[in-house]
Amino acid sequence: MIARLAFSSEGALRAAMKGHTVIVIDTLRASTTVTTILENGGVGVAPAATVEEARSKARELSGAFGGDVILAGERGGLRIPGFNFGNSPLEFTREVVEGKIVVLTTTNFTKVVQQAMRAPLVIAGCLRNAEAVASLARRESLRSGRKVTVVHSGRRGEFSPEDYVTACVIKCLIEGVEPPSHEECVLNSPSAKNLAELGFWEDVKYCSQLNVSVTVPILRNGIFVKS
Ligand code: MLT
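Note that the coordinates shown come from a computational prediction; the quantities given were computed from them, not determined experimentally.

K.L.:
Which parts of the structure should I look at to understand the overall build of the protein chain?
P.N.:
Across its full length, the protein chain carries 10 helices and 10 strands. Over its C-alpha trace the protein chain gives a radius of gyration of 16 Å, about what one expects of a compact globule, namely 17 Å for 227 residues. In terms of its C-alpha atoms, the protein chain occupies a principal-axis envelope of roughly 45 × 40 × 30 Å. Among the 227 residues that make up the protein chain, the fraction classed as buried is 53%.

Here it is, written out as structure tokens:
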């Protein structure tokens, strides 16, 4: 079975319009963060493209959901002023997220997800859940006959090696062939260096771990939930 690769918001939109299953990758850090929140008992993660959209989604959801909504996100890697949390996966422990909904806005990932929304199935993929994502996508494709596109998000419209290598790993796992080694590529990427400068080297190490999670976030009514 063959999976395709695509790049950035444009690639996500094209794949969604063709009715493919779309896997969105932002290795450092957003798709890892979404996976961690759900793994630690978060009820859902609502992606928002802008800060304003995040604030209004949080208001809307706390009305509907009864108050337990966390507002999280980053710009330039740092927590947005006035938000409860940033985008570090390590912040979202079980104590913080269990039973809660997180509204998340990030520089790249949540914008790419917004373009993918029309796809019949949208999955958040990262290194930590690569095998679990690949096997869900493969199963779904065999069941529905739909093609699979793995989107490497990149950074502000530019290619990111860590997203590309993660997309290649997931594509290989879907196709049942040996995946490339990823570690050096992730640890030496410009995004990793930037995060290290901001004091988030532990995040980089966490995000570079392969196949340690079986949690697969899928979008349902615009909110990522556990598959
Ligand atoms: C993004 O979506 O742009 C990233 O995850 C950025 C970050 O983690 O700081």
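So much for the structure itself; the text now carries on.
K.L.:
Before we go on, may I ask you to explain the site of the ligand in this structure?
P.N.:
With respect to spatial proximity, the complete set of residues near the ligand consists of Asp26, Leu28, Arg29, Ala30, Glu74, Gly77, Asn87, Thr106, Thr107, Asn108 and Phe109. Within the shell around the ligand, the residues separate by chemical class into three nonpolar, five polar and three charged.

K.L.:
Where do I start with the pairing of strand E9 (residues 217-220) in this structure?
P.N.:
Residues in a regular strand point their side chains to alternate faces of the sheet. The alternating pattern of E9 places Pro217 and Leu219 on a buried face, while none of Ile218 and Arg220, on the opposite face, is buried. As paired elements, E9 and strand E10 (residues 223-226) share four bridges and run antiparallel to each other. If you follow Leu219 over to E10, its bridge partner there is Phe224. Counted between consecutive antiparallel strands, the loop separating E9 from E10 contains two residues, among which Asn221 sits at a positive phi close to 50°.

K.L.:
Would you explain helix H2 (residues 30-39) in this entry?
P.N.:
Burial runs high along H2: 10 of the 10 residues are buried. The set of residues buried in H2 consists of Ala30, Ser31, Thr32, Thr33, Val34, Thr35, Thr36, Ile37, Leu38 and Glu39. Remark: Gly41 follows H2 within two positions and exhibits a positive phi of approximately 100°.

Conventions we followed
- By convention here, each chain's residues receive numbers from 1 onward along its written sequence.
- Local features in a predicted model are, by the rule used here, given only for residues with pLDDT of at least 70; side-chain atom pairs are given and counted only at 80 or more, and totals for whole chains, interfaces and linings are based on all residues.
- Labels follow the DSSP assignment, with helices taken as runs of H or I lasting at least four residues and strands as runs of E lasting at least two, numbered in each case from the N terminus.
- Atoms counted for the radius of gyration: C-alpha only. Globule rule: 2.2 Å times the number of residues to the power 0.38.
- Burial is judged by counting other C-beta atoms within 10 Å of a residue's own C-beta: 20 or more means buried, 12 or fewer means exposed, and anything between counts as partly exposed, with every C-beta placed from the backbone.
- The criterion for a residue being near a molecule or strand is simple: its C-beta atom, placed using the backbone, must lie within 6 Å of it.
- Three residue categories are used. Nonpolar comprises Ala, Val, Leu, Ile, Met, Phe, Trp, Tyr, Cys and Pro, charged comprises Asp, Glu, Lys and Arg, and polar comprises the others, including Gly.
- Strand pairing is defined by DSSP finding a minimum of two bridges between the two strands.

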